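Report on the structure
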Amino acid sequence: HLGTARQEIQRLDTILKQFLHAVRPTTPRREPQDLNAILQQTLKLLEPEIVSRGITVDLGLSENMLPARVDPDQFQQVFYNLLRNAYQAISGDGGHIGILTRSTGTEFLISISDNGTGIPPEQMGSLFEPYRTTKSAGTGLGLLIVRRIIREHGGEIEIQSHPEQGTNIFIHLPHTAPSPRLLPSPTIDLQS
């Protein structure tokens, strides 16, 4: 009973942390980071679970990626949530996750794909709604947090999925975070 109680406390702690993270966003601590290194560190954390499920991971990491100005902890959370979703969507043998990174003239592109169960079309419109989940132990906050972090860094997330064929996730992240657009100061005519 003690083991079950500990597991439930840990699960509730995770739910509470995710909830607080979703409702109390923090300002990103941007610093030059190697996105490939953050991805590899995250994979190392998830490796025992991925290996135990017999899933192969193919890395296609660009060798000429410039450092990205991101919050490393927040982006590790992004990659953790997306990779965890990917391997949890895979059932049976022959599971595969593909990870690609590249840099264009204006943005970084990160792609995470799996050959899992995919997402039914009727659920695609509600992927980022809080507390919507198809998992029995899910909180429905993971993708909401992922999208918020990416958008706070000036980027966008795109999800393409087909039932029984898998899911492709694309993160578009600009090389430099957009600066806020300020309205010009109003001019006051004191001679009137």
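So, here is what we can say about the structure in this document.

1. What to know about the packing of aromatic side chains
Inspection of every chain in the model, using the stated rule, returns one aromatic pair. Between F75 and F79, the ring centres sit 5.8 Å apart and the planes meet at 65°, which makes this aromatic pair edge-to-face. Here F75 pairs with F79, and both are found in helix α3 (residues 72–88), just four residues apart, close to one helical turn.

2. Some details on the nonpolar core
L35, F75, V78, F79, L82, L83 and I97 are the most contacted members of the largest nonpolar core, which totals 35 residues. Those elements that provide at least two residues to this core are α2 (35–52), β3 (68–70), α3, β4 (96–103), β5 (107–114), α5 (142–152), β6 (156–162) and β7 (166–174). Take this core: its biggest share by element is seven residues, from α3. Excluding its chain neighbours within four sequence positions, the residues that come into contact with F79 are L35, I38, L39, T42, I110 and I171.

3. Considerations on the sheet that holds strand β2 (residues 56–60)
Here five strands make up an open sheet; going across it, the order is β2-β4-β5-β7-β6 and the pairing mixed. Each having just a single partner strand, β2 and β6 make up the two edges of the open sheet. Across this sheet, the average inter-strand angle for adjacent strands is 10°, counted without regard to direction. Across eight bridges, the pairing between β5 and β7 is antiparallel. Residue pairing across strands places D114 opposite T167, the latter belonging to β7. α3 rests against β4, β5, β6 and β7 of the sheet, and its axis sits at about 165° to β7. In the packing of α5 onto the sheet, the strands contacted are β6 and β7, and the crossing angle to β6 comes to about 140°.

Thresholds, definitions, all that
Residues numbered from 1 in each chain as written. Predicted model: local features only at pLDDT ≥ 70, side-chain atom pairs only at ≥ 80, totals over all residues. Heavy atoms only, no water. Phe/Tyr/Trp six-rings, centres within 6.5 Å; stacked < 30°, edge-to-face > 60°. Helix = DSSP H or I, 4+ residues; strand = E, 2+ residues; numbered from the N terminus. Core = buried A, V, L, I, M, F, W, Y, C linked by side-chain atoms within 4.5 Å. Buried < 20%, exposed > 50% of the residue type's maximum accessible area, 1.4 Å probe, protein only. Contact = heavy atoms within 4.5 Å. Pairing = 2+ DSSP bridges. Axes fitted to C-alpha atoms, helices over the stretch in contact; angles between N-to-C directions.

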